[in-house]
Amino acid sequence: LKDQDELQNEVDDDKLELINYKEIELPDLSIKFRMKKEKISRQYRQKFIDNRIKAKKYLEDHGLTEIAKNKELYICMEGEYMNRLIFPIYFDGKLISFAARALFPTKTKYLYPPSDEEHNERGRIIYGLDKIFKSEDVKQIFVTESLVDAWIFGGMAVLSKNITNEQIDILKTFNFQKKKLIFVLDKDKINFKWDTDMKGLDLGKSVLKAKVQEWAVSYPQFTSPAHDVGESYKQYGWLETYDKIMSGIVSGDTNLTLKTKLANVGVGKRRRKLS
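The rules behind these values
Residues numbered from 1 in each chain as written. Predicted model: local features only at pLDDT ≥ 70, side-chain atom pairs only at ≥ 80, totals over all residues. Heavy atoms only, no water. Helix = DSSP H or I, 4+ residues; strand = E, 2+ residues; numbered from the N terminus. Contact = heavy atoms within 4.5 Å. Areas by Shrake-Rupley, 256 points an atom, 1.4 Å probe, with all protein chains shown as cover. Phe/Tyr/Trp six-rings, centres within 6.5 Å; stacked < 30°, edge-to-face > 60°. Buried < 20%, exposed > 50% of the residue type's maximum accessible area, 1.4 Å probe, protein only. Pairing = 2+ DSSP bridges. Axes fitted to C-alpha atoms, helices over the stretch in contact; angles between N-to-C directions. pLDDT = per-residue confidence, 0-100. Core = buried A, V, L, I, M, F, W, Y, C linked by side-chain atoms within 4.5 Å. Salt bridge = Lys/Arg side-chain N within 4 Å of Asp/Glu carboxyl O.

## Quick look at the overall build of the chain
When its secondary structure is counted, the chain shows 10 helices and 9 strands. Across the chain, the fraction of contacts at a sequence separation of at least 24, relative to all contacts at a separation of at least 6, is 68%. On the chain, roughly 14,900 Å² of surface is accessible, and the fraction owed to carbon and sulfur atoms is 47%.

In structure tokens:
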């Protein structure tokens, strides 16, 4: 990774500020996922065991059991992130954020640290950002919406169904090696007549609007019932998932919109009938 002096010679100070992250801490009472239960106090032992069973099922359901063996994970036992699986996010060797995945039914599956004076703005965080600085032999990187999808191809993630202007600036400014970035969209259901949230479609449009030669957008037609990288990987394997991504690359904004609409023919039909 280039040090600050080297970077300062290549970019303006205002751009350098984009990756000048604060180092943060994990939530209080976050216990390592692989901690032996005997080492955990009796007060939290049973709750930890129950949560670890749920976490193992979540990883298994997403085809991540083997990949997770080489990852650093935690389970939070108290506070705002209680009963969530914690995915640390590092840059240049320091903890800059984390994703807290619920291990219980809720609409808010993921929580992140607040964007305040003690933490970094979420809109400037890109999981796996080190990859555009390191590994010169890697010429192509998949950029996914979710962190766990990025695991599968050793890629990066924008941690949302949208991409911010700051994230676009970071990827444009610091991709010194001109690596090809392929932004992979989930195959979400969208009712074009009723929905205001276009989900990954807006992400794809923002990337295409940036008009960066090394960037591409893929709207993969994953084999049903899979609708994202993780589900496709678990159901059909690495090779088919890779093939679907590469064959799903769109030629432009119009092509992306058309493919999305064709994939969502009939979505919302029942709602329209009821209305």
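## Thoughts on the packing of aromatic side chains
A complete count under the given rule lists 14 aromatic pairs for this structure. An angle of 85 degrees between the planes, with centres 5.2 Å apart, marks the rings of Tyr81 and Phe98 as edge-to-face. Taken together, the positions of Tyr81 in the loop between strand E2 (74-76) and strand E3 (84-91) and Phe98 in strand E4 (residues 94-102) put the pair 17 residues apart, joining distant regions of the chain. Side by side, Tyr81 and Phe98 carry an identical accessibility label, which is buried.

## A few points about the sheet that holds E2
Two modes of strand pairing occur in sheets, parallel and antiparallel, and in both the strands are linked by backbone hydrogen bonds. Strand order in the open sheet formed by 5 strands is E1-E2-E3-E4-E5, with antiparallel pairing between adjacent strands. Where the open sheet ends on each side, the last strands, each with one partner, are strand E1 (30-32) and strand E5 (110-111). In this structure, E1 lies alongside E2, joined through 3 bridges in antiparallel fashion. Within E2, the residue paired with Ile31 across the bridge is Ile75. Running at roughly 65 degrees to E3, helix H3 (residues 42-61) makes contact with E1, E2, E3, E4 and E5 of the sheet.

## Brief notes about the environment of Ala55
With respect to the element layout, Ala55 can be found in helix H3. Through-space distance from the C-alpha of Ala55 to that of Ile75 is 8.5 Å; in sequence the pair is 20 residues apart. The residues contacting Ala55, other than those within four sequence positions of it, are Phe33, Leu85 and Leu103.

## Let's talk about the confidence of the model for the chain
The pLDDT averaged across the chain works out to 88; a share of 89% of its residues lies at or above 70. No element of the chain has a lower mean pLDDT than helix H10 (residues 269-274), at 48, and none a higher one than E2, at 98.

## Thoughts on the sheet that holds strand E6 (residues 140-144)
Read from one edge to the other, the open sheet built from 4 strands follows the order E7-E6-E8-E9, with strand pairing classed as parallel. Edge positions in the sheet fall to strand E7 (156-157) and strand E9 (215-218), since each has one partner strand and no second. Here E6 runs beside strand E8 (residues 180-184); their pairing, made up of 4 bridges, is parallel. Of the residues in E8, the one forming a bridge with Gln140 is Lys180. Packed onto the sheet, helix H8 (residues 229-247) meets E6, E8 and E9 and runs at close to 135 degrees relative to E6.

## Examining the pairing of E9
Both faces of E9 are covered, namely the face carrying Trp215 and Val217 and the face carrying Ala216 and Ser218. Two elements, E8 and E9, share 4 bridges in a ladder whose sense is parallel. From the neighbouring strand, Ile182 faces E9, where its bridge partner is Ala216.

## Concerning the nonpolar core
Judged by nonpolar contacts, the single largest core of 72 residues is most densely connected at Leu85, Leu129, Trp151, Leu171 and Phe183. Top element by residues in this core is helix H5 (residues 147-153). It accounts for 6 residues. Apart from the residues lying within four places of it in its own chain, the contact partners of Phe183 are Val143, Ile163, Leu171, Leu203, Val207, Trp215, Ala216, Val217 and Ser218. Among the nonpolar cores identified, the runner-up in size contains 9 residues, and Tyr74, Cys76, Ala100 and Leu111 belong to it.

## Focus: the pattern of salt bridges
With the rule as written, the count across this model stands at 6 salt bridges. The partner of Asp61 in a salt bridge is Lys57, and the shortest N-O contact between them spans 2.8 Å. One end of the pair, Asp61, and the other, Lys57, are both in helix H3, 4 residues apart, so they sit about a helical turn from each other. Here Asp61 falls in the partly exposed class, since its relative accessible area comes to 38%.

## A few points about the environment of Ile152
Residue placement: Ile152 occurs in helix H5. For Ile152, a relative accessible area of 8% gives the class buried. Between the C-alpha atoms of Ile152 and Val229, which are 77 residues apart in sequence, the distance is 7.9 Å.

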